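Each chain, letter by letter, is given below.
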Amino acid sequence: YTTPSGATRLNVRMVGAGSGASAVVTNNGTSGTATTFTDGTLSLSAGGATGAVTGGSATAGGTSTGGDINITGTAGTSYMSTNVANVNYGGPAGACSVFGGGGSGGLAAGGNGAHAQANTGSGGGAPGNTGGNTGAPGAAGGYLEKLITSLSASYTYTIGAKGTGGAAGTFAGGNGADGLIIIDVYYD
């Protein structure tokens, strides 16, 4: 990123990538990766979320460092559990980041989880199931804001890559969403 000529301040807002949901029966979701914005002295990192585990408990949201405001991403909830025939559970929705957009859960009679909305850092939705456990939903990436008043000529950055949903054993988990950086430029 090249700082525009005449700029006096940059306000950086960013979110790490969300994780994918696990599938029903087998296959975990993968973790999202961190979104970063750095120069020789500044190091901002909005962490990616932990991938969802099949049959697992809640998965952790990403943590952020270096911001004036650092917010941990919302965790994914645990799966819904039953071993009673004909009991239908819809899959839990993916965790939303500060930008919203978590993937919706699969149908109560079984179905794949939905992908998170693009570039929100939110988690993928978990698949539903009939007579058995649902998948576990994805978590959201961490968020931060930083007002930079001592500007560098340029910065390097990385947009966090989304975690993918677990491939269907019975039903598939939804993908998380990539991270995002928004830079507001101020002039005097």
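Being a predicted model, the structure only gives us computed values, none of them experimental.

The rules behind the values
- Along each chain, residue indices are assigned from 1 in the same order as the chain's sequence is written.
- Local features in a predicted model are, by the rule used here, given only for residues with pLDDT of at least 70; side-chain atom pairs are given and counted only at 80 or more, and totals for whole chains, interfaces and linings are based on all residues.
- Only hydrogens and water are set aside; all other atoms, that is, all heavy atoms of the structure, feed into the side-chain values.
- Under the DSSP-based scheme used, a helix requires at least four consecutive residues in state H or I and a strand at least two consecutive residues in state E, with every element numbered from the N terminus.
- Residue burial is assigned from relative accessible area. The probe radius is 1.4 Å, only protein chains are included, and a residue is buried under 20% of its type maximum, exposed over 50%, and partly exposed in between.
- Note on contacts: a residue pair qualifies if any of its non-hydrogen atoms lie within 4.5 Å across the two residues.
- Residues belong to a common nonpolar core when they are buried Ala, Val, Leu, Ile, Met, Phe, Trp, Tyr or Cys residues joined through side-chain atoms within 4.5 Å.
- A pair of Phe, Tyr and Trp rings is counted when the ring centres sit within 6.5 Å of each other, with Trp represented by its six-membered ring. The angle between the planes then sorts it: under 30 degrees is stacked, over 60 is edge-to-face, the rest tilted.
- In this analysis, strands are considered paired if DSSP registers two or more bridges between them.
- Only the stretch in contact is used when fitting a helix axis, every axis being a line fitted to C-alpha atoms; angles between N-to-C directions are given from 0 to 180 degrees.
- By the criterion applied in these results, polar contacts are pairs of N or O atoms within 3.5 Å in which, for protein atoms, one can donate a hydrogen and the other can accept it, and in which residues neighboring in sequence qualify only through two side-chain atoms.
- One speaks of a salt bridge when a side-chain nitrogen belonging to Lys or Arg is within 4 Å of a carboxyl oxygen belonging to Asp or Glu.

1. Re the overall build of the protein
Here is step 1 of the chain: Along the protein, the regular secondary structure elements total zero helices and ten strands.
Here is step 2 of the chain: The N-to-C order of helical and strand elements in the protein reads β-β-β-β-β-β-β-β-β-β.
Here is step 3 of the chain: Among the 188 residues that make up the protein, the fraction classed as buried is 46%.
Here is step 4 of the chain: In the protein, of all internal contacts separated by at least 6 residues, the share reaching a separation of at least 24 is 67%.

2. A look at the nonpolar core
Here is step 1 of the chain: Among the nonpolar cores identified, the biggest contains eleven residues, and these are Leu10, Val12, Met14, Phe37, Leu42, Leu44, Ala46, Leu144, Ile148, Tyr155 and Ile181.
Here is step 2 of the chain: Of all the secondary-structure elements, those providing two or more residues to this core are strand S1 (7–15), strand S3 (43–46) and strand S8 (143–148).
Here is step 3 of the chain: When residues of this core are assigned to their parent elements, the largest contribution, three residues, is made by S1.

3. A closer look at the packing of aromatic side chains
Here is step 1 of the chain: Going through the model one piece at a time under the given rule, you end up with three aromatic pairs.
Here is step 2 of the chain: Taking 6.2 Å as the distance between ring centres and 55° as the angle between the ring planes, the aromatic pair formed by Tyr1 and Phe37 counts as tilted. Note that Tyr1 is positioned in the segment before S1 and Phe37 in strand S2 (residues 35–38), a separation of 36 residues in sequence.
Here is step 3 of the chain: Aromatic ring contacts, followed pair by pair, group Tyr1, Phe37 and Tyr155 into a single cluster.

4. Describing the sheet that holds strand S10 (residues 180–187)
Here is step 1 of the chain: Spatial ordering of the open sheet is given by S5-S8-S1-S10, a layout of four strands whose pairing is antiparallel. Because the sheet does not close on itself, it has two edges, and the strands there are strand S5 (69–71) and S10. On average, adjacent strands in this sheet sit at an angle of 10° to one another, irrespective of strand direction.
Here is step 2 of the chain: Relative to S10, S1 is paired through eight bridges, and the arrangement is antiparallel. In the strand pairing of S10, Ala7 is matched with Tyr187.

5. Here we look at the side chain of Ser64
Here is step 1 of the chain: Note on placement: Ser64 falls in strand S4 (residues 64–65).
Here is step 2 of the chain: For Ser64, a relative accessible area of 11% corresponds to the buried category.
Here is step 3 of the chain: A distance of 3.1 Å separates the side chain of Ser64 from the backbone nitrogen of Tyr143, its partner in a polar contact.
Here is step 4 of the chain: In this view, Ser64 contacts Ser45, Ala46, Gly47, Asn70, Ile71, Gly142, Tyr143 and Leu144; residues no more than four positions away in its chain are not counted.

6. Here's the deal with the side chain of Ser97
Here is step 1 of the chain: Counting through the fold element by element, Ser97 comes out in the loop between strand S6 (88–89) and strand S7 (129–130).
Here is step 2 of the chain: With relative accessibility at 10%, the residue Ser97 sits in the buried group.
Here is step 3 of the chain: Among the polar contacts listed, one links the side chain of Ser97 to the backbone oxygen of Thr120, at a separation of 2.4 Å.
Here is step 4 of the chain: The contact partners of Ser97, leaving out residues within four places of it in the chain, are Val15, Thr120, Gly121, Ser122 and Ala140.

7. Section: the pattern of salt bridges
If charged atoms from side chains of opposite charge come close, those side chains can pair.
Here is step 1 of the chain: Applying the stated criterion to the full structure yields three salt bridges.
Here is step 2 of the chain: Residue Arg13 is joined to Asp184 by a salt bridge in which the shortest nitrogen-to-oxygen separation is 3.2 Å. Of this pair, Arg13 sits in strand S1 while Asp184 sits in strand S10; the two residues are 171 residues apart in sequence, bridging distant segments of the chain.
Here is step 3 of the chain: Residues Lys146 and Asp68 are paired through a salt bridge, measuring 3.3 Å at the closest nitrogen-oxygen approach. Taken together, the positions of Lys146 in strand S8 and Asp68 in the loop between S4 and S5 put the pair 78 residues apart, joining distant regions of the chain.

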